[in-house]
Structures are given as C-alpha cells and as structure tokens.
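Here is how the chains run, residue by residue.
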Amino acid sequence: MTTHSATTEAVVIGAGPNGLTAAIELARAGLAVEVFEAGETVGGGARTEELTLPGFRHDPCSTAHPFGIGSPAFKTMPLDKYGLEWVHPELPMAHPFLDGSAAVLSRAVGETAASLGPRDAGVYRRMLAPFLGHWDELARDVLRTQWDGLPRSPLRFARFAALGGLPAAVLARRFHDAPARALIAGAACHLSTPLSGLATGGAALMFLLAGHSVGWPLARGGSQAISDALAGYLTDLGGTIHTATTVTSLKELPPARAYVFDTSPTALVKIAGLKKGYRGFRYGAAAFKIDYALDGPVPWRSPQAARAGTIHVGGTLSEVQAGLEPALHGSAPDAPYLLAAQPTLIDPSRAPEGKHVFWTYGRVPNGWRGDATEAIERQIERFAPGFRDRVLARAISGPAELASRNANYVGGDYACGSTAGLRAVLRPNLRRVPYATSDPAVFLCSSATPPGPGVHGMSGFYAARAVLKALWRGRAGGSARASHGW
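What you see is a predicted model; the values in this text were computed from it and never measured.

Engineer: How would you explain the overall build of the protein chain if you had to name every residue and give the values?
Structural biologist: Scanning the protein chain from terminus to terminus reveals 16 helices and 14 strands. Against the 2.2 N^0.38 benchmark of 23 Å for 486 residues, the protein chain shows a C-alpha radius of gyration of 22 Å, consistent with a compact globule. For the protein chain, the C-alpha atoms occupy an extent of roughly 65 × 55 × 45 Å along the three principal directions. The buried share among the 486 residues of the protein chain stands at 60%. In the protein chain, once contacts between residues fewer than 6 apart in sequence are set aside, the share between residues at least 24 apart is 75%. Total accessible area on the protein chain is roughly 18,200 Å²; 54% of this is exposed by carbon and sulfur atoms.

The structure is reproduced here in structure tokens:
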C-alpha cells in the first residue's frame with residue numbers, strides 16, 4: 001500500500017525530465033512534493049533499456065542532448081554529483097551525401113564552414129557570428145513562453161527572431177550550394193513540421209548554435225542517467241517518488257494544493273476530469289523507430305559520418321523534404337528522411353566489446369499501422385552499403401508501440417503535440433499562462449507546453465514557476481480539496 005506525506009503540498013504526475021524538473025523547482029521553493037510515475041523507473045523520454053540482446057543498452061527515445069547540456073534549468077542543478085556525465089562525439093552531427101562527402105556540425109565553426117564549400121563558408125560564418133559566445137542568454141530568451149515578459153537581451157533576441165522566424169526553406173536560400181542547404185533542412189527536421197513553416201529556421205539555428213556552443217553530447221551509460229540524476233537530486237531535496245503507480249483519477253492522489261501533469265493534454269483531461277479541456281489540440285506526425293544491435297560500426301560511405309554521434313540521413317534539401325512531408329499529409333514516404341544516433345562510438349559501455357548499438361527513425365502519419373522497416377533500411381543502405389550485414393538484432397517500434405511504451409506519445413507523436421505553424425509557439429493552446437488549466441489547482445508541465453519537445457526540463461521549470469505564482473496569490477490554496485471531494 002502506498003503511503004503519503006501528511007503535509008503534501010504539490011503532486012506531480014509523470015516522472016519524465018519535465019515532471020522531475022517541476023518537482024525539483026517546487027521542492028527547492030520549500031514545498032513537500034510527491035511524484036507518481038506509471039513506469040517501473042523514472043525517465044519518460046529519457047530512459048535506457050535492453051531492447052534487443054543482453055548487454056546492448058538502447059535509448060528508446062532521445063540520445064543526443066544539445067538542449068540538455070545547454071538547459072538553463074539543468075545548469076542550476078548539481079546533476080554531476082548524482083552520476084550524470086556528458087560525453088562528446090568527435091563530431092556532433094554529420095549530414096552525408098551519396099558521393100561520400102558530408103556537411104558536418106562541428107564544435108569548431110571553421111570546420112563546419114569548410115564542409116559547406118567555398119561559396120557558402122563565409123555566408124555561414126556571418127549568419128551565426130552575432131550569436132556565437134552568447135548561448136546562455138539566447139537559451140534563456142528562446143526556451144520559454146515568448147509572451148512572458150521581455151527578453152533579457154532584447155537586441156540580440158530581435159536579431160535572432162528576424163532570422164529564426166523565417167521558414168527553414170527560405171533560410172536555406174541564403175546559401176548557394178547543396179551542402180549548406182541540406183544542413184539547414186536536416187537541423188530543422190528535428191521538428192515534425194514542413195520546412196515551409198514559420199519559425200522552422202529558428203529551430204535549425206538553435207540546433208546549430210548549440211552544436212558550436214555546448215555540443216550535442218550523450219549521457220554516459222545512456223539517457224537514463226539524466227533521469228536518475230534528476231530523481232536523486234529531488235530525493236535529497238525531500239521529494240518522494242512512487243514508480244509503477246498508474247493514476248486514473250485525482251481521487252487516487254493525496255490532497256495537495258497543486259497537481260502538475262507531465263502527461264499529454266488528453267491524459268490530463270481524463271485524469272483531472274476537466275470539462276473544459278483542450279479543444280482543437282492536435283497531435284503531429286509519428287515516429288517509426290528501429291533500435292539495432294550491430295556486429296560492428298555502421299559502414300558509412302562518408303568518413304565524417306563515421307565520426308559523428310548523430311547522423312541526418314536524407315541527402316539534398318529536396319530529398320529531405322520528400323522524405324518528411326508525405327508523413328505530415330497522411331502517407332509514409334518511400335525514401336524517408338532519417339535521424340540516427342550511434343552512441344557506442346564514444347560510449348562503448350552500452351554494448352559488449354566490439355559490438356555497437358544504433359538507432360534511427362523516420363516520420364509516418366500519426367497512428368499509422370504499416371511497417372516502414374524495409375524503406376528505412378533501404379535508405380540507410382544507400383549511404384552505408386553493407387549495413388544489413390552488420391545487424392544482429394532489431395527492435396521495431398511503430399506508432400502503436402511507441403504509444404504503448406510512453407502514454408505521452410499519442411499516436412506515436414513523441415513531440416506531445418503538433419509543432420506545425422503557430423503550434424510550435426502556441427502550445428498547447430492560446431492562453432496567457434500555457435501551464436495553467438481551467439482548474440486553478442491543476443497544471444500541465446509536459447512538452448505539450450512551451451518551449452516544446454526536448455530533454456531540457458524547461459517546460460517543467462516554467463510550469464513550477466506558474467504553480468508558485470498561483471500559490472503565492474492564493475488562487476490554488478484550498479481549492480483542490482474543495483473541488484475534488486476532500
């Protein structure tokens with residue numbers, strides 16, 4: 001039987017990075033906090049499991065964490081004392097082409113510029129120059145609710161917004177040749193959004209600037225290390241975590257002054273019994289992900305790809321668009337644009353000696369029930385001939401499997417909501433405080449809220465701030481017991 005603190009003040013439902021971050025912020029403010037997680041372990045989208053063969057440790061979701069190491073929230077926490085160690089690949093990212101060349105994202109701006117060719121090297125340097133060396137202030141101003149006060153560095157933010165507000169397809173036209181245009185497109189495609197969409201250029205710029213400023217590192221041992229570090233810190237702050245506890249109603253939880261949901265809006269409405277939910281909220285395209293156990297490294301044509309932690313597999317700008325946009329309009333691409341990660345290049349602890357783990361995913365329509373394995377592997381073989389010969393085992397996760405493993409991924413949408421158009425900013429709906437709900441004691445902190453998907457904890461950080469402001473103003477105090485039958 002689960003026991004609860006007699007003085008619980010805040011309850012968090014869901015122990016992903018955002019839920020844990022929200023709990024930490026509330027605990028640091030002096031509140032007694034309890035966290036309830038349906039899974040056997042904490043983690044949400046930052047877990048590590050043996051999905052294929054014994055000894056092969058896979059990240060079911062994210063692996064590279066540019067916004068994790070660069071998170072303003074995480075930087076205030078002593079996560080290294082709880083076992084989190086960031087490890088950096090030789091190259092953060094490579095975008096290979098069929099001729100064996102590649103555009104690369106390097107920690108050194110010069111190496112990236114050189115990979116783009118002589119006509120575009122200077123264009124790239126000039127585009128990023130105003131922002132280099134200013135990651136901390138840029139992250140504070142971008143990774144937040146944009147209408148929540150003035151930016152701390154208004155002039156630099158305005159300059160970023162002028163570029164970042166452009167569609168990625170338009171931003172790419174600043175360049176002359178295929179490598180630079182593909183680099184922009186690939187970075188923007190971390191969002192499931194047409195490259196013609198507003199502000200997709202901003203997503204590309206943030207990924208590129210993160211690579212130059214803080215890198216795209218991995219957590220040694222797997223992404224679970226991030227979640228475990230957050231949980232360890234929370235516990236030392238006095239927070240309590242209950243795992244393997246599925247919550248279906250607020251009445252199953254202890255009385256509290258605030259309930260904070262690291263869930264999808266759909267789950268929040270059901271559990272909290274809200275009559276006024278999130279009408280018009282839409283989920284985006286799904287992922288079709290495959291985790292591999294390999295007998296050796298991926299045999300890329302490109303030497304640069306063999307050095308990179310993350311690979312963008314798709315070719316030219318037009319090929320990237322053709323590999324992404326059908327999924328956004330209801331059909332699976334024949335040659336999908338793929339994101340891939342090869343963590344054992346720099347963290348051999350994740351596989352038996354001489355072996356490797358590797359994952360890749362492409363986009364398919366939300367809720368799609370087909371099998372994209374052949375299309376995905378055919379695409380990898382174009383850029384890495386002989387790849388299939390190295391496969392020892394594979395774990396295939398289509399939209400249904402992703403949703404069953406993580407209830408936040410409705411229909412296989414790992415972003416917890418569409419990022420198309422204004423939905424990239426107006427998440428989960430148009431509301432002055434996007435973390436608040438129609439119930440003054442109920443809040444949302446998942447990646448359905450600003451600043452959106454990624455292992456950075458910023459949604460949880462700002463949701464906790466909204467909770468504390470509401471409690472300070474007295475709007476939530478006492479109302480939970482009254483409205484939920486206590």
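Engineer: Tell me about the sheet that holds strand β4 (residues 91-96), residues and numbers included.
Structural biologist: Here we have seven strands laid out as an open sheet, ordered β5-β4-β10-β11-β12-β9-β13, and mixed in their pairing. Two strands in the sheet have a free side with no partner beyond their single neighbour: β5 (102-105) and β13 (391-397). Each strand axis lies, on average, 20 degrees off the axis of its neighbour in the sheet, ignoring direction.

Engineer: Account for the nonpolar core, naming residues and giving values.
Structural biologist: Ranked by internal contacts, the top residues of the largest apolar core, which has 101 residues, are Val33, Tyr124, Met127, Ile184 and Leu195. Once residues lying within four places of it in the same chain are set aside, the contact partners of leucine 195 are Pro167, Ala168, Ala169, Ala185, Ala188, Cys189, Thr200, Leu317, Val320, Gln321 and Glu325.

Engineer: Talk me through the confidence of the model for the protein chain; I want residue IDs and the actual numbers.
Structural biologist: For the protein chain, the mean per-residue pLDDT works out to 94, and 96% of the residues sit at or above 70. Here residues 476-486 scores under 50 on pLDDT; set against residues more than four positions off or in separate chains, the count is 27 contacts.

Engineer: Could you give me a rundown of the sheet that holds strand β8 (residues 258-261), with the residues and numbers involved?
Structural biologist: Within the open sheet, the five strands sit side by side as β7-β2-β1-β8-β14. Their pairing is parallel. Edge positions in the open sheet fall to β7 (240-242) and β14 (442-444), since each of these has one partner strand only. When strand polarity is set aside, the average angle formed by the axes of neighbouring strands in this sheet is 20 degrees. Pairing of strand β1 (residues 10-13) with strand β2 (residues 33-36), which is carried by four bridges, proceeds in the parallel orientation. Across the sheet, valine 11 pairs through a bridge with glutamate 34, a residue of β2. Across the sheet, helix α11 (residues 265-272) is in contact with β8 and β14; its angle to β14 comes to roughly 165 degrees. Along the sheet, helix α15 (residues 458-473) makes contact with β8 and β14, crossing β14 at roughly 160 degrees.

Engineer: Which residues make up the pattern of salt bridges, and what values do they have?
Structural biologist: Should their charged atoms come close, side chains of opposite charge can pair. Taken as a whole and assessed by the stated rule, the structure comprises 18 salt bridges. Between aspartate 59 and arginine 350 there is a salt bridge, with its nearest N and O atoms 2.8 Å apart. Here aspartate 59, found in the loop between β2 and α2 (66-69), pairs with arginine 350, found in the loop between β11 (338-341) and β12 (356-364); they are 291 residues apart in sequence, far enough to count as distant. When the shortest N-O distance is used, the salt bridge between arginine 220 and glutamate 85 registers 3.0 Å.

Engineer: Any details on the packing of aromatic side chains? Residues and values, ideally.
Structural biologist: Any pair of aromatic rings gets described here by the distance separating the centres and the angle formed by the planes. Scanning the model with the defined rule gives 14 aromatic pairs in all. Measuring from ring centre to ring centre gives 6.2 Å for phenylalanine 67 and tryptophan 135, while their planes differ by 5 degrees; the resulting arrangement is stacked. Here tryptophan 135 lies in helix α5 (residues 135-142) and phenylalanine 67 lies in helix α2, a separation of 68 residues in the sequence. With relative accessibility at 12%, the residue phenylalanine 67 sits in the buried group. Here tryptophan 135 falls in the buried class, since its relative accessible area comes to 5%.

Engineer: I'd like a rundown of the packing of helix α8 (residues 178-188) against helix α9 (residues 200-213), residues and numbers included.
Structural biologist: Contact pair α8 / α9: the axes reach a minimum separation of 8 Å and the direction vectors enclose 100 degrees. Taken together, the axes of α8 and α9 lie roughly perpendicular to each other. Between α8 and α9, the residues in contact are Leu183, Ile184, Ala187 and Ala188 and Thr200, Ala204, Phe207 and Leu208, respectively. Each residue belonging to the contact of α8 with α9 can be placed in one class, and the counts come to seven nonpolar, one polar and no charged.

Engineer: Please provide a residue-by-residue account of α15, values included.
Structural biologist: Since there are 3.6 residues in each turn of an α-helix, residues three or four apart along the chain are aligned in direction. Relative to the 22 Å expected for 16 residues at 1.5 Å per residue, α15 spans 23 Å between its end C-alpha atoms, a close match to the ideal helical length. Residues of α15 that are buried include every one of Met458, Ser459, Gly460, Phe461, Tyr462, Ala463, Ala464, Ala466, Val467, Ala470 and Leu471, and no others. Check the buried side of α15 and you find it contacts α1 (17-28), α5, β8 and β14.

Engineer: Lay out the pairing of β2 with the relevant residues and their values.
Structural biologist: Of the two faces of β2, both are covered, the one formed by Val33 and Val35 as well as the one formed by Glu34 and Phe36. Pairing between β2 and β7: three bridges, direction parallel. Note on β7: the bridge partner recorded for phenylalanine 36 is histidine 242.

Engineer: Would you mind going over the pairing of β4 in detail, with residue names and values included?
Structural biologist: Taken across its six residues, β4 has six buried, putting it largely inside the fold. With three bridges connecting them, β4 and strand β10 (residues 308-313) associate as parallel partners. Its bridge partner being in β10, leucine 91 is matched across the sheet by alanine 308. Pairing between β4 and β5: four bridges, direction antiparallel. Counted as the bridge partner of histidine 95 is alanine 103 from β5. Between β4 and β5, which pair antiparallel in sequence order, lie five residues; one of them, glycine 100, sits at a positive phi of approximately 95 degrees.

Engineer: Can you break down the environment of phenylalanine 131 residue by residue, with the values?
Structural biologist: Its location among the elements puts phenylalanine 131 in the loop between α4 (118-128) and α5. A residue is classified by how much of its surface remains accessible, and phenylalanine 131, at 1% relative accessible area, is buried. Separated by 313 residues in the primary sequence, phenylalanine 131 and leucine 444 place their C-alpha atoms 32 Å from one another. Excluding its chain neighbours within four sequence positions, the residues that come into contact with phenylalanine 131 are Leu138, Arg156, Arg159, Phe160, Leu163 and Leu209.

Engineer: Could you give an account of the environment of leucine 84, with specific residues and numbers?
Structural biologist: Tracing the sequence through the fold places leucine 84 in the loop between α2 and β3 (86-87). The class for leucine 84 is buried, based on a relative accessible area of 8%. Along the sequence, leucine 84 and serine 227 sit 143 residues apart, while their C-alpha atoms lie 9.0 Å from each other. Other than its neighbours up to four places away in sequence, leucine 84 contacts Leu79, Ala219, Ala225, Ile226 and Ala229.

Conventions we followed
- The written sequence of each chain sets the order in which its residues are numbered from 1.
- Given that this is a predicted model, residues contribute local features only at a pLDDT of at least 70 and side-chain atom pairs are listed and counted only at 80 or more, while totals for whole chains, interfaces and linings are drawn from all residues.
- Each side-chain value is worked out from all heavy atoms of the structure, with water and hydrogens disregarded.
- Numbering goes from the N terminus for both helices and strands, where a helix is a DSSP run of H or I of at least four residues and a strand is a run of E of at least two.
- Each radius of gyration reported is based on C-alpha atoms, and the globular scaling rule is 2.2 Å times the count of residues to the power 0.38.
- Classification of residues uses two cut-offs on accessible area relative to the type maximum, computed with a 1.4 Å probe and protein chains only: under 20% is buried, over 50% is exposed, and between them is partly exposed.
- Should any heavy atoms of two residues lie within 4.5 Å, those residues are considered in contact.
- What sets the accessible areas is the Shrake-Rupley method with a 1.4 Å probe; for residues, cover comes only from the shown protein chains.
- Strand pairing requires that DSSP identify at least two bridges connecting the strands.
- Axis lines are fitted through C-alpha atoms, for helices just across the contact stretch, and the angle between N-to-C directions can take any value from 0 to 180 degrees.
- Grouping buried Ala, Val, Leu, Ile, Met, Phe, Trp, Tyr and Cys residues that are joined through side-chain atoms within 4.5 Å yields what is termed a nonpolar core.
- Each residue carries a pLDDT value, the predictor's own confidence for that position, ranging from 0 to 100.
- Should a side-chain nitrogen of Lys or Arg be within 4 Å of a carboxyl oxygen of Asp or Glu, the pair is scored as a salt bridge.
- Aromatic rings from Phe, Tyr and Trp, taking only the six-membered ring of Trp, are treated as a pair when their centres fall within 6.5 Å; an angle between ring planes under 30 degrees marks them as stacked, one over 60 as edge-to-face, and anything in between as tilted.
- To sort the angles, those under 35 degrees are grouped as roughly parallel, those over 145 as roughly antiparallel, those from 65 to 115 as roughly perpendicular, and the leftovers as oblique.
- For this classification, the nonpolar set comprises Ala, Val, Leu, Ile, Met, Phe, Trp, Tyr, Cys and Pro, the charged set comprises Asp, Glu, Lys and Arg, and every other residue, Gly included, is treated as polar.
- One less than the residue count of a helix, multiplied by 1.5 Å, gives the span that helix is expected to have.

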